[in-house]
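Fold and contact review
One letter stands for each residue in the lines below.
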Amino acid sequence: MRKPMIAGNWKLHKTIGEALDLASALKQETAEIDDIDIVIAPVFTSLAKVAEQLVGSNIALAGQNCHPAASGAFTGEVSPALLRDAGCRYCIVGHSERRQLFGETDAFINEKVRSLLAAGLDVIFCIGETLEEREGDQMYEVLATQVREGLRDITAAQMSQVVVAYEPVWAIGTGKTASNLQAEEAHAFVRGLLRGLYSEEVAESTRILYGGSVKPDNVDGLMAQMDVDGALVGGASLKADDFLRIIRFRRSPSA
Ligand SMILES: O=C(CO)COP(=O)(O)O
């Protein structure tokens, strides 16, 4: 049984004060929840303060990005060890915004994954196709390449520290969620890739989150899909009420 994960990617939003307010509201309301992994990813400048606020909570902290190097002349970058030092347990890598807006390649993303794992952080590894790729029947090929290249040299044992997030680019910030069926098809395909690259055990134990316009009114249907193990939430994670409703998704009777 895979433990569900609900993660909030705050992207470039919120001052330190606003981040503390939201983290405090979430902490209060999730004190009793222990059957779901809850993660939030504020901007770098808020991490250390939010970490202090989250002590004693059920909420874990994630960085939104990192540089693979441990230290050095990399102006503007943050290393996995520094994220850990700031209180992070996770880091998001391979987000489509990083791939598209900052030109990140599969090879660079792979370097980050390896560096994060070596530093003892868990990885939320994002993949997803663009609308053009989907409509051009390239979706499966794109996902296969992203998984194979992004996870290159990651061992089966290390996969216990990796969560995959399927985020179709056309569904991010657009209000166009993938249908339950579209999400399930992609997730089942990704699980099949993990089966081929690793083993049945790795495929069955790795969590695959869905991301792209997850909202309170569509989370239940998505989470009812067999291969959807959680959500990576952007816009709706910025409001306590919405994010809490997503955390409290209704489980389908068979789940
Ligand atoms: O990119 C996302 C999470 O990483 C999804 O963003 P939205 O939920 O705003 O579509």
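None of these values were measured; they are calculated from a predicted model. (Residues numbered from 1 in each chain as written. Predicted model: local features only at pLDDT ≥ 70, side-chain atom pairs only at ≥ 80, totals over all residues.)

1. Observations concerning the nonpolar core
What counts here: Note on terminology: a nonpolar core is a set of buried residues of type Ala, Val, Leu, Ile, Met, Phe, Trp, Tyr or Cys, with members joined through C-beta atoms within 7 Å. Whether a residue is buried, exposed or partly exposed is read from the other C-beta atoms within 10 Å of its own C-beta, which are placed from the backbone; 20 or more gives buried, 12 or fewer gives exposed, and intermediate counts give partly exposed. The contact criterion used here is simple: two residues whose C-beta atoms, placed from the backbone, lie within 7 Å are in contact.
Membership of the largest hydrophobic core comes to 66 residues, with the highest contact counts inside it found for Ala 62, Cys 91, Ile 124 and Phe 125. Cys 91 has contacts with Ala 62, Gly 63, Cys 66, Pro 80, Leu 83, Leu 116, Leu 121 and Val 123, leaving out every residue within four places of it along the chain.

2. Regarding the UniProt feature "active site" (unreviewed entry) in the chain
Selection criterion: UniProt positions are given in the numbering used here, feature names are shortened, and annotations may be inferred rather than shown by experiment. In DSSP terms, a helix is any run of H or I states spanning at least four residues, a strand is any run of E spanning at least two, and both are numbered starting from the N terminus.
In the numbering adopted here, UniProt assigns the feature "active site" (unreviewed entry) to His 95 and Glu 167. In three dimensions, the annotated residues from a span of 73 residues occupy one location, with a maximal C-alpha spread of 8.2 Å. Its place among the elements puts His 95 in the loop between strand E4 (90-93) and helix H4 (96-101). Judged by the 28 C-beta atoms lying within 10 Å of it, His 95 falls in the buried class. Within the element layout of this structure, Glu 167 appears in the loop between strand E6 (162-166) and helix H8 (180-197).

3. Topic: the confidence of the model for the chain
Stated formally: Each residue carries a pLDDT value, the predictor's own confidence for that position, ranging from 0 to 100.
Here the chain shows a mean pLDDT of 97. Residues at 70 or above account for 99%. Of the two predicted TM-score estimates for the complex, the pTM is 0.97 and the ipTM is 0.99.

4. Here we look at the UniProt feature "binding site: substrate" (unreviewed entry) in the chain
The UniProt record annotates "binding site: substrate" (unreviewed entry) at Asn 9, Trp 10, Lys 11, Gly 173, Ser 213, Gly 234 and Gly 235. The largest pairwise C-alpha distance within this set of annotated residues, which runs over 227 residues, is 13.8 Å, so the set is compact in three dimensions. Structurally, Asn 9 is set in strand E1 (residues 5-9). Beyond its immediate sequence surroundings of up to four residues, Asn 9 is in contact with Ala 41, Gln 64, Ile 92, Leu 232, Val 233, Gly 234 and Ser 237. Structurally, Lys 11 is set in the loop between E1 and helix H1 (16-29). A count of 17 C-beta atoms within 10 Å places Lys 11 in the partly exposed class.

5. Some remarks on helix H5 (residues 106-118)
In plain terms, the rule: Multiplying 1.5 Å by the residue count of a helix minus one yields the expected span of that helix.
Between its first and last C-alpha, H5 extends 18 Å over 13 residues, near the 18 Å set by a 1.5 Å rise per residue. For H5, the set of buried residues is Ile 109, Asn 110, Lys 112, Val 113, Ser 115 and Leu 116. Packed against the buried residues of H5 are helix H3 (80-85), E4, strand E5 (122-127) and helix H7 (139-150). With its phi angle positive at about 85 degrees, Gly 120 sits one or two positions after the end of H5.

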